[in-house]
Amino acid sequence: MDKNTLISSFGKWVSPINIQKLSEQVKELKQDYYTKKLTTEAYIKLLLVAQLLEFKSLEEMSDALVDEDLQKALGFESISASQLSRKNNQIHPLILANLFLDLVWKIQRHHYQNGKNMPLKIIDSSTLPLNLTNYKWAKFRKTKAGVTLHLRLVFMDQDTVYPEKAVITTAKEHDRNQLEVLVDDQEAMYVFDRGYVDYERFDRMTDDGYFFVSRLKKNAVIREVYTFSLPDDCHVLSDKMVYIGTTQNRSENAFRLLKLVDTKGNTLHLLTNRFDISADEIAEIYKSRWAIELFFKWMKQHLNIKKFYGHSEQAVHNQMYMAMIVYCLNVLAQLNTNSHRSYLQISRYLKAALWKSAHIWLRKIKGKSVP
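The rules behind each value
- Residues numbered from 1 in each chain as written.
- Predicted model: local features only at pLDDT ≥ 70, side-chain atom pairs only at ≥ 80, totals over all residues.
- Heavy atoms only, no water.
- Helix = DSSP H or I, 4+ residues; strand = E, 2+ residues; numbered from the N terminus.
- Rg over C-alpha atoms; globule rule 2.2 N^0.38 Å.
- Buried < 20%, exposed > 50% of the residue type's maximum accessible area, 1.4 Å probe, protein only.
- Areas by Shrake-Rupley, 256 points an atom, 1.4 Å probe, with all protein chains shown as cover.
- Lys, Arg positive; Asp, Glu negative; His and termini not counted.
- Charge placed at Lys NZ, Arg CZ, Asp CG, Glu CD.
- 1 Å grid on protein atoms, 1.4 Å probe; cavity = no way out; pocket = protein on both sides within 12 Å on 5 of 7 lines; lining within 4 Å.
- Points joined across faces, edges and corners; volume = space filled by probe spheres on them.
- Nonpolar A, V, L, I, M, F, W, Y, C, P; charged D, E, K, R; others polar.
- Axes fitted to C-alpha atoms, helices over the stretch in contact; angles between N-to-C directions.
- Parallel < 35°, antiparallel > 145°, perpendicular 65-115°, else oblique.
- Contact = heavy atoms within 4.5 Å.
- Core = buried A, V, L, I, M, F, W, Y, C linked by side-chain atoms within 4.5 Å.
- Expected span 1.5 Å × (residues − 1).
- Polar contact = N/O pair within 3.5 Å; in protein donor to acceptor, adjacent residues only side chain to side chain.
- Salt bridge = Lys/Arg side-chain N within 4 Å of Asp/Glu carboxyl O.

**Considerations on the overall build of the protein**
Part 1 of the reasoning: Broken down by element type, the protein carries 14 helices and nine strands.
Part 2 of the reasoning: Against the globule reference of 21 Å for 371 residues, the protein gives a C-alpha radius of gyration of 23 Å, in line with a compact fold.
Part 3 of the reasoning: Sorting the 371 residues of the protein into buried and exposed places 51% on the buried side.
Part 4 of the reasoning: Per element, the accessible surface of the protein, about 18800 Å² overall, is 47% carbon and sulfur.
Part 5 of the reasoning: Averaging the positions of the 52 positive and the 42 negative side-chain charges in the protein gives two centres separated by 6 Å.

In structure tokens, the structure reads:
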């Protein structure tokens, strides 16, 4: 008998989670002391189900336990919303952060085993607004509150994109402050937008051997050093070697500045410290930055991060990490089955076959008929 018939689709989907490593960290952080029923493992599974089925509240999670299959998966028959609330505020975000990073490592291992080229790493942020009355700890303006997800996204190709490193802060934290945290791999090519422009950091990145492409602000002061010739069929308007900044605040290194027009007719000025590839290649690399915009849009449309289950900082951070864990589990499902289904299709098939035998879900995402 196929071993996949012995477990549910949900069980197969969550199987990449290293339960032993999770248990060790739970023990180390003393998360389940005096816990009889709602263990950290059980609550993580319940949060995953809540993400998949888009539960809007802890009460909805509690009510969902009338489902016998859910009871079996969690190991108990009922739980109150107040108990869920206490656990929600108790779980240390480091547990879910490390769970997320372990899944990222599994995705990367798959790519390295299959000889994938070194990916682009795109850096950007997205801010989620919060109600100031309930989230005073996240205040960033007189009448507003919010949290910002600072993210590094790996772009392997058009079909394989995944979050690799995340920093969650209050919305008052500036993007530039996270650049050094998110840039730590000399073998990668980093792509980011104007919000991260910092001449001093660009010099440090260049001196330390990090490569990047960034959009430069229109009012940037530049001093031209050399103009490169361009082939007749090139889509770039100009390609120059420049120094950036004023005499009081000028870069020590020379950079490459490209001028081009995007598909909407906007003029873009791209800055890079790579001189070894063509102007069109630089333009294509920056064009890949759009992938992170699509990722943030996908998260907000299809993952449950608009309404939070708790008001504490821990509860908000945990729910955001859980959303990224869901995304990574879908990436792994796609990679492990060589599926051409989108992450959204994988998720929809999973919801439809959640407690059915895993082979039903696996056949669907592999594009095979279900007998």
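**So, empty space enclosed by the protein**
Part 1 of the reasoning: The tally for this structure, following the rule as stated, stands at two cavities of 30 Å³ or more.
Part 2 of the reasoning: Along the walls of the second largest cavity sit S126, L128, L149, F296, M299, K300, I305 and M320, which together make up its complete lining.
Part 3 of the reasoning: The class makeup of the residues in the lining of the second largest cavity is six nonpolar, one polar and one charged.

**Re the packing of helix α6 (residues 81-90) against helix α12 (residues 313-336)**
Part 1 of the reasoning: One can describe the packing of α6 onto α12 by two numbers: an axis separation of 7 Å at closest approach and a directional angle of 85°. Looking at the two axes, α6 sits roughly perpendicular to α12. Residue-level contacts link N88, N89 and Q90 of α6 to Q314, A315 and N318 of α12.
Part 2 of the reasoning: Of the residues belonging to the contact of α6 with α12, the class tally is one nonpolar, five polar and no charged.

**A word on the layout of surface pockets**
The rolling of a water-molecule-sized probe over the atoms marks out the regions of remaining empty space.
Part 1 of the reasoning: Roughly 1400 Å³ of volume is contained in the largest pocket.
Part 2 of the reasoning: Around the largest pocket, the lining is made up of 44 residues, and of these Q158, K287, S288, W290 and A291 lie nearest the centre.
Part 3 of the reasoning: Counting residues per element, the lining of the largest pocket draws most heavily on helix α11 (residues 290-302), at six residues.

**Describing the nonpolar core**
Part 1 of the reasoning: Judged by nonpolar contacts, the single largest core of 102 residues is most densely connected at W13, L48, M61, L149, L151, I325 and W361.
Part 2 of the reasoning: The greatest single-element share of this core, amounting to 15 residues, is contributed by α12.

**Describing helix α3 (residues 40-52)**
Part 1 of the reasoning: Here α3 contains 13 residues, and its C-alpha end-to-end distance of 18 Å stays within 8% of the 18 Å for a straight helix at 1.5 Å per residue.
Part 2 of the reasoning: Counting buried residues along α3, twelve of its 13 residues qualify, which places the element largely inside the surrounding structure.
Part 3 of the reasoning: Within α3, burial applies to T40, A42, Y43, I44, K45, L46, L47, L48, V49, A50, Q51 and L52.
Part 4 of the reasoning: Phi for E54, located one or two positions after α3, is positive at around 60°.

**Some details on the side chain of T272**
Part 1 of the reasoning: Mapped onto the fold, T272 is located in strand β9 (residues 267-272).
Part 2 of the reasoning: A distance of 2.7 Å separates the side chain of T272 from the backbone oxygen of F212, its partner in a polar contact.
Part 3 of the reasoning: At a separation of 3.1 Å, a polar atom in the side chain of T272 contacts the main-chain amide nitrogen of R274.
Part 4 of the reasoning: Discounting chain neighbours no more than four positions away, the residues touching T272 are M189, F212, V213, F255, R256 and I282.

**Structural notes on the pattern of salt bridges**
Part 1 of the reasoning: Per the counting criterion, the structure on display carries 20 salt bridges.
Part 2 of the reasoning: The partner of D185 in a salt bridge is K121, with the nearest N and O atoms 2.9 Å apart. Separated by 64 residues along the polypeptide, D185 in the loop between α8 (179-182) and β4 (189-192) and K121 in strand β1 (residues 120-130) bring together distant segments of the chain. For the pair formed by D185 and K121, the shared burial category is buried.
Part 3 of the reasoning: R256 is paired through a salt bridge with D239; the nearest N and O atoms lie 2.8 Å apart. On the criterion of sequence distance, the pair formed by R256 in strand β8 (residues 255-261) and D239 in strand β7 (residues 238-244) is long-range, its members being 17 residues apart.
Part 4 of the reasoning: In this structure D239 comes out as buried when scored by relative accessible area, which is 3%.
Part 5 of the reasoning: Several salt bridges converge on common partners, so that one network encompasses K121, R152, E164, K165, D184 and D185.

**Overview of the side chain of T170**
Part 1 of the reasoning: Considering the arrangement of structural elements, one finds T170 in strand β3 (residues 160-170).
Part 2 of the reasoning: The buried category is assigned to T170, whose relative accessible area is 15%.
Part 3 of the reasoning: Residues in contact with T170, not counting those within four places in the same chain, are W137, A138, G146, V147 and T148.

**Some points on the environment of R152**
Part 1 of the reasoning: Structurally, R152 can be placed in strand β2 (residues 145-157).
Part 2 of the reasoning: Owing to a relative accessible area of 5%, R152 belongs among the buried residues under this scheme.
Part 3 of the reasoning: Taking C-alpha positions, R152 is 29 Å from Q31, a pair spaced 121 residues apart along the chain.
Part 4 of the reasoning: For R152, the contacting residues outside a window of four places in its chain are K121, I122, I123, Y162, P163, E164, K165, L182, V183, D184 and Y190.
Part 5 of the reasoning: A polar contact is formed between the side chain of R152 and the side chain of D184, at a distance of 2.8 Å.

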